[in-house]
Amino acid sequence: MSNHTYTEKDLDFLLSPLAIRQSAEKIFELTQSGQTHFHYHPEKFNHVVDYVVEVIQDNYPSLDIPFHSRWGHFRVGAIDRVKTLEAKMTGFDPMEKARTKLDLVITSVLLDAGAGNTWSYKEASSGKTFFKI
């Protein structure tokens, strides 16, 4: 077990574009060398790039692409549940906030991944029902 005490600076780095790029590059290198569960097909690379560019141009011709993250799922139905969570964590230290949010996001990803395509949820507080798309 590590005795390292993580700081807000550590968390800021993990969420930075630099850290994300470094991690993605490492995964890509491992995939190219056959060390992951992914399979890289370099002969299909340009086709995939062209397809992604076409989808972006079709859906976002102005290139004003909305930011996407797991946190957006907590704002579905025009209800900002993130704001509600933040209010409930007033007074928490930054690391406790990070741990709480991480627990929530990991649970959300696991539930989403295993939910299947017939999943729905009726939210008691709003009375709205949400369906997996």
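Just so we're clear, the structure is a prediction, and the values are computed from it rather than from any experiment.

Draft legend 1. View of the packing of aromatic side chains. If you walk through the whole model with that rule in mind, you get three aromatic pairs. Between Phe 28 and Tyr 40 the ring centres are 5.1 Å apart and the planes differ by 85°, which places this aromatic pair in the edge-to-face class. Taken together, the residues span a long stretch of sequence, with Phe 28 in helix 2 (residues 17–32) and Tyr 40 in the loop between helix 2 and helix 3 (45–59) at a distance of twelve residues. Here Tyr 40 falls in the partly exposed class, since its relative accessible area comes to 29%. Geometrically, the ring pair formed by Trp 71 and Phe 74 is tilted, given 5.3 Å between the ring centres and 45° between the ring planes. Cation over ring: Lys 101 sits above Trp 71, and NZ or CZ is 5.8 Å from the ring centre.

Draft legend 2. Structural view of a nonpolar patch on the surface. A cluster of nonpolar side chains, contributed by Phe 13, Leu 14, Leu 15 and Leu 18, occupies part of the molecular surface with about 420 Å² of accessible area. Within the element layout of this structure, Leu 14 appears in helix 1 (residues 8–14). What makes Leu 14 exposed here is its relative accessible area of 59%.

Draft legend 3. Representation of the side chain of Ser 108 in the model. Relative to the helices and strands, Ser 108 is located in helix 5 (residues 94–114). When its relative accessible area of 15% is taken as the criterion, Ser 108 is described as buried. Beyond its immediate stretch of four places on either side in the chain, Ser 108 contacts Arg 70 and Phe 74.

Draft legend 4. Region of interest: the pattern of salt bridges. Under the criterion given, the structure shown has five salt bridges. For Glu 96, the salt bridge goes to Arg 99, with nearest N and O atoms at 3.0 Å. In this pair, Glu 96 and Arg 99 both sit in helix 5, three residues apart, roughly one turn of the helix.

Draft legend 5. View of the confidence of the model for the protein chain. On average, residues of the protein chain score 90 in pLDDT, and 98% of them are at 70 or above. Element-level mean pLDDT values for the protein chain span from 86 in strand 2 (residues 129–131) up to 96 in helix 3.

Rules used in this analysis
Residues numbered from 1 in each chain as written. Predicted model: local features only at pLDDT ≥ 70, side-chain atom pairs only at ≥ 80, totals over all residues. Heavy atoms only, no water. Phe/Tyr/Trp six-rings, centres within 6.5 Å; stacked < 30°, edge-to-face > 60°. Helix = DSSP H or I, 4+ residues; strand = E, 2+ residues; numbered from the N terminus. Buried < 20%, exposed > 50% of the residue type's maximum accessible area, 1.4 Å probe, protein only. Lys NZ or Arg CZ within 6 Å of the ring centre and 35° of its normal. Patch = residues over 30% accessible without salt bridge, like charges linked within 9 Å, V, L, I, M, F, W, Y side chains within 5 Å. Areas by Shrake-Rupley, 256 points an atom, 1.4 Å probe, with all protein chains shown as cover. Salt bridge = Lys/Arg side-chain N within 4 Å of Asp/Glu carboxyl O. Contact = heavy atoms within 4.5 Å. pLDDT = per-residue confidence, 0-100.

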